[in-house]
Amino acid sequence: MAAGNQKNVAIQVVERGGLSRAKEQLKDSKSFLHSLANEWDESSCILLIPSRLSHNPEMSCKYTLKITTLTRRKEIIMHIKDMNRRSFIKSTATATSAFALPRFSIAQPGKTKKINVAVVGVGGMGGYALGEAAKENLVAMCDVDDARAANAFKKFPNVPRFKDFRTMLDKLGKDIDAVSISTPDHTHFAAAMAAMERGKHVFVQKPLAHNVWQVRTLRKAARHYKVITQMGNQGHTFTGMRRIKEWVDAGVVGDVREVITWTNRPNPPWFVPPSSFPPVTGPAPTTLDWDLWQGPVQNRDYSADYVPVKWRGWWDYGCGALGDIGCHTFDAPFMVLGLGSPTKVEIERKDPPGKGFIPMGSVVTYHFPARGKKPPVTLKWYEKGYEVPKPMRWQKDKDLPSGGGMYMEGTKETLYHAGMRPNSPMITPGKRFMEIKSDLVKIPKLPAVGNGPIEEWYRAIKGDGPMPGSNFDYAVPLTEMVLLGALAQRTGKSIEWDSKKMEVKGQPELDELIKEPARKGWQYGTSLG
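Our subject in this report is the structure included herewith. (Residues numbered from 1 in each chain as written. Predicted model: local features only at pLDDT ≥ 70, side-chain atom pairs only at ≥ 80, totals over all residues. Heavy atoms only, no water.)

So, about the overall build of the chain. Looking only at helices and strands, the chain has 16 helices and 19 strands in total. Going through the 529 residues of the chain one by one, you find that 56% of them count as buried. The contacts in the chain between residues at least 6 apart in sequence include a share of 68% that link residues at least 24 apart. Here the chain has roughly 23100 Å² of accessible surface; of this, 51% comes from carbon and sulfur atoms. (Helix = DSSP H or I, 4+ residues; strand = E, 2+ residues; numbered from the N terminus. Buried < 20%, exposed > 50% of the residue type's maximum accessible area, 1.4 Å probe, protein only. Contact = heavy atoms within 4.5 Å. Areas by Shrake-Rupley, 256 points an atom, 1.4 Å probe, with all protein chains shown as cover.)

See below:
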């Protein structure tokens with residue numbers, strides 16, 4: 001459909017500092033706005049955007065977009081479904097002022113129609129996606145393994161089912177609004193791209209994709225196709241995540257220069273080396289479409305040491321323990337400290353048990369430069385088999401939890417949480433936490449975002465909430481951090497990272513791992529650069 005004939009909604013940028021302040025913010029974000037809007041009027045700070053984006057008022061910009069649904073002719077911003085560039089220009093030419101209703105008003109919370117959701121990968125974490133989709137309209141299921149999908153197929157016998165998501169999108173595309181993807185890591189990218197190319201909103205389990213080029217291309221695609229996106233790192237929606245940000249932003253912790261993270265993985269049943277290398281192969285089960293399962297990866301013979309759950313240990317399919325857990329455990333420090341891209345990643349690892357398999361333990365050290373007034377940060381990731389140093393401020397004779405955790409060493413306090421996600425953050429030692437707890441509860445609270453990442457994503461699609469917290473603008477650099485650590489683990493080499501050039505300094509041989517080749521029929525995103 002031509003841009004001039006698209007269904008659009010006019011919105012105005014509103015800033016506390018008035019129109020002049022809004023104009024400043026628009027200038028700061030000009031390149032972003034040109035990728036978003038079909039038209040915009042600088043004098044009145046009014047933009048014309050596709051109507052399917054009108055529910056997303058924040059757009060990851062520095063300013064606030066207030067959406068109006070006014071219909072009286074004397075008011076300049078009108079919610080007219082067929083507004084095009086010509087009527088937009090005519091409206092803004094006579095505009096002198098505008099009135100903005102509260103955010104998210106277009107969707108009219110509680111009255112929005114349900115979303116038509118397709119789920120790709122219905123076993124394992126796909127069960128969570130199915131449960132959430134059933135609260136909306138579950139319109140399609142896709143899985144390459146009938147045995148793994150049997151329970152889902154039995155539970156929803158009347159929902160159309162497919163093995164190939166490309167076929168599903170071709171046949172039912174017009175009936176699908178959004179796609180949830182819970183497949184192995186190596187097929188995240190292809191499934192997400194196929195959906196976004198058709199204008200579908202996407203939810204993708206962590207890690208977002210299998211290599212750095214893929215995650216950066218997903219971000220380009222999300223902006224290009226103007227869809228609502230979310231990665232499935234559940235902890236980002238937790239109340240504990242908000243407490244950590246509140247405390248750090250309030251200066252409770254002080255300057256942070258060191259972050260320690262750890263996990264009890266790699267461990268069974270996900271990370272189990274085969275009895276021999278190469279692994280024993282044989283015919284694939286009749287319930288499994290082995291060719292589709294491999295997706296973009298070069299074809300090879302089937303082995304029970306890959307499927308259904310051991311794929312995470314193989315570099316061609318998974319990203320190791322770091323890819324499994326890093327997006328969870330790095331989330332809090334990455335967000336609250338604004339870490340951005342590391343400049344160097346160092347590796348200490350055990351020897352891999354065989355070709356193509358992950359090392360069964362490593363220590364990864366990330367180096368982040370200063371960010372404005374924030375000092376440089378060193379972040380360490382410890383896997384099973386390595387001793388994790390205790391915090392400077394810690395209870396005597398108390399061990400760190402073996403299951404995993406994170407702590408930040410600040411100049412004032414140490415902030416800690418047990419487990420892979422920020423469920424119950426605290427200041428350590430516990431005695432100190434109790435001493436200052438009355439002060440912590442006085443810190444202004446950030447708004448809660450609900451009961452999980454898919455629910456948050458649905459609300460954004462409907463217009464009942466802001467852009468999801470782990471939308472691709474956020475999830476891509478977080479996942480890239482994880483993938484750079486996995487790259488060091490995979491090669492056994494420390495790396496110096498040039499983020500702008502998307503390359504490892506002095507190691508051009510790693511280019512093929514930064515952008516892995518895809519076999520014919522599975523190539524996506526090349527037109528986006």
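Following the criterion strictly, the structure yields 4 cavities of 30 Å³ or more and no others. What the second largest cavity holds in volume is close to 140 Å³. Residue assignment for the lining of the second largest cavity shows that the elements contributing at least two residues are helix 15 (472-491) and helix 16 (511-514). Here the lining of the second largest cavity is composed, by residue class, of 9 nonpolar, 3 polar and 2 charged. (1 Å grid on protein atoms, 1.4 Å probe; cavity = no way out; pocket = protein on both sides within 12 Å on 5 of 7 lines; lining within 4 Å. Points joined across faces, edges and corners; volume = space filled by probe spheres on them. Nonpolar A, V, L, I, M, F, W, Y, C, P; charged D, E, K, R; others polar.)

This brings us to the sheet that holds strand 5 (residues 116-120). Read from one edge of the open sheet, 6 strands run 7-6-5-8-9-10, paired in parallel fashion. Single-partner strands in this sheet number two, and they are strand 7 (161-162) and strand 10 (229-232). Pairing between strand 6 (residues 137-142) and strand 7: 2 bridges, direction parallel. Looking at strand 7, one finds that Cys 142 is bridged to Phe 162. (Pairing = 2+ DSSP bridges.)

Within the secondary structure, Arg 243 sits in helix 9 (residues 239-249). One polar contact links Arg 243 to Glu 246, side chain to side chain, over a distance of 2.7 Å. Residues within four places of Arg 243 in sequence aside, it is in contact with Pro 425, Lys 445 and Leu 446. (Polar contact = N/O pair within 3.5 Å; in protein donor to acceptor, adjacent residues only side chain to side chain.)

Next up on the list: the pattern of salt bridges. Any two side chains of opposite charge can pair, given that their charged atoms come close. For the structure shown, the criterion picks out 27 salt bridges. For Lys 113, the salt bridge goes to Asp 177, with nearest N and O atoms at 3.5 Å. Of the two residues, Lys 113 sits in the loop between helix 3 (85-93) and strand 5 while Asp 177 sits in the loop between helix 6 (165-172) and strand 8 (178-181), which places them 64 residues apart along the sequence. Given a relative accessible area of 57%, Lys 113 falls into the exposed group. Residue Asp 177 is classed as partly exposed on the basis of its relative accessible area, which comes to 23%. Each of the salt bridges in this network shares a partner with another, and the network as a whole consists of Asp 185, Lys 206, Arg 265, Arg 312 and Asp 324. (Salt bridge = Lys/Arg side-chain N within 4 Å of Asp/Glu carboxyl O.)

Along helix 6, the positions that sit buried rather than exposed are Phe 165, Met 168, Leu 169 and Leu 172. Mapping the buried residues of helix 6 onto a view down its axis gives an arc of 95°, with all of them on the same face. Every exposed residue of helix 6 that faces more than 90 degrees away from the buried side is listed here: Asp 170 and Lys 171. Structurally, helix 6 contributes buried residues whose contacts are with strand 5, strand 6, strand 7, strand 8 and helix 7 (188-197). (Arc of directions from axis to C-beta.)

Okay, unusual backbone geometry next. The omega angle of the peptide bond from Phe 277 to Pro 278 is -5°, so this bond is cis rather than trans. With respect to the helices and strands, Pro 278 occurs in the loop between strand 11 (256-263) and helix 10 (290-294). Located in the positive-phi region is Met 502, a residue other than glycine, with phi close to 55°. Along the polypeptide, Met 502 turns up in the loop between strand 18 (495-498) and strand 19 (503-504).

Taken in spatial order, the 9 strands make up an open sheet running 17-16-15-11-14-13-12-18-19, and their pairing is mixed. Because the sheet does not close on itself, it has two edges, and the strands there are strand 17 (426-428) and strand 19. Note that strand 11 and strand 14 (residues 377-382) share 5 bridges and pair parallel. By the bridge assignment, Trp 262 is partnered in strand 14 with Tyr 382. Contacting strand 12 (344-349), strand 13 (362-368), strand 14, strand 18 and strand 19, helix 15 runs over the sheet at an angle of about 45° to strand 12. (Axes fitted to C-alpha atoms, helices over the stretch in contact; angles between N-to-C directions.)

Turning our attention to the pairing of strand 15 (residues 404-410). Within a regular strand, the side chains alternate between the two sheet faces. Burial analysis of strand 15 places 7 of its 7 residues in the buried class, the great majority of the element. Residues Gly 404, Met 406, Met 408 and Gly 410 point to one face of strand 15 and Gly 405, Tyr 407 and Glu 409 to the other, with burial holding for every one of them. Looking at chain direction, strand 15 and strand 16 (residues 414-418) are connected through 5 bridges and run antiparallel. Residue pairing across strands places Met 406 opposite His 417, the latter belonging to strand 16. Linkage of strand 15 to strand 16, two consecutive antiparallel strands, is achieved through a turn of 3 residues.

The next subject is the packing of helix 11 (residues 320-329) against helix 15. The description of two helices packed together rests on the angle between their axes and the distance between the axes. Interhelical geometry of helix 11 versus helix 15 gives an angle of 150° and a closest axis separation of 9 Å. By the criterion of interaxial angle, the relationship of helix 11 to helix 15 is roughly antiparallel. Between helix 11 and helix 15 lies a crossing whose hand is right-handed. From helix 11, Leu 322, Gly 323, Gly 326 and Cys 327 reach across to helix 15, where they touch Leu 478, Thr 479, Val 482, Gly 485, Ala 486 and Gln 489. For the contact of helix 11 with helix 15, the class distribution of residues is 5 nonpolar, 5 polar and no charged. (Parallel < 35°, antiparallel > 145°, perpendicular 65-115°, else oblique. Left-handed = near helix turned anticlockwise from the far one by under 90°.)

To continue, consider the pairing of strand 18. Sheet topology note: the strand 12/strand 18 ladder contains 2 bridges and is antiparallel. Within strand 18, the residue paired with Val 345 across the bridge is Ile 495. As defined by bridge partners, strand 18 adjoins strand 19 across 2 bridges and the pair is classed as antiparallel. Directly across from Asp 498, in strand 19, lies its bridge partner Glu 503. The antiparallel hairpin formed by strand 18 and strand 19 contains 4 residues in its connecting segment, where Met 502 sits at a positive phi of about 55°.

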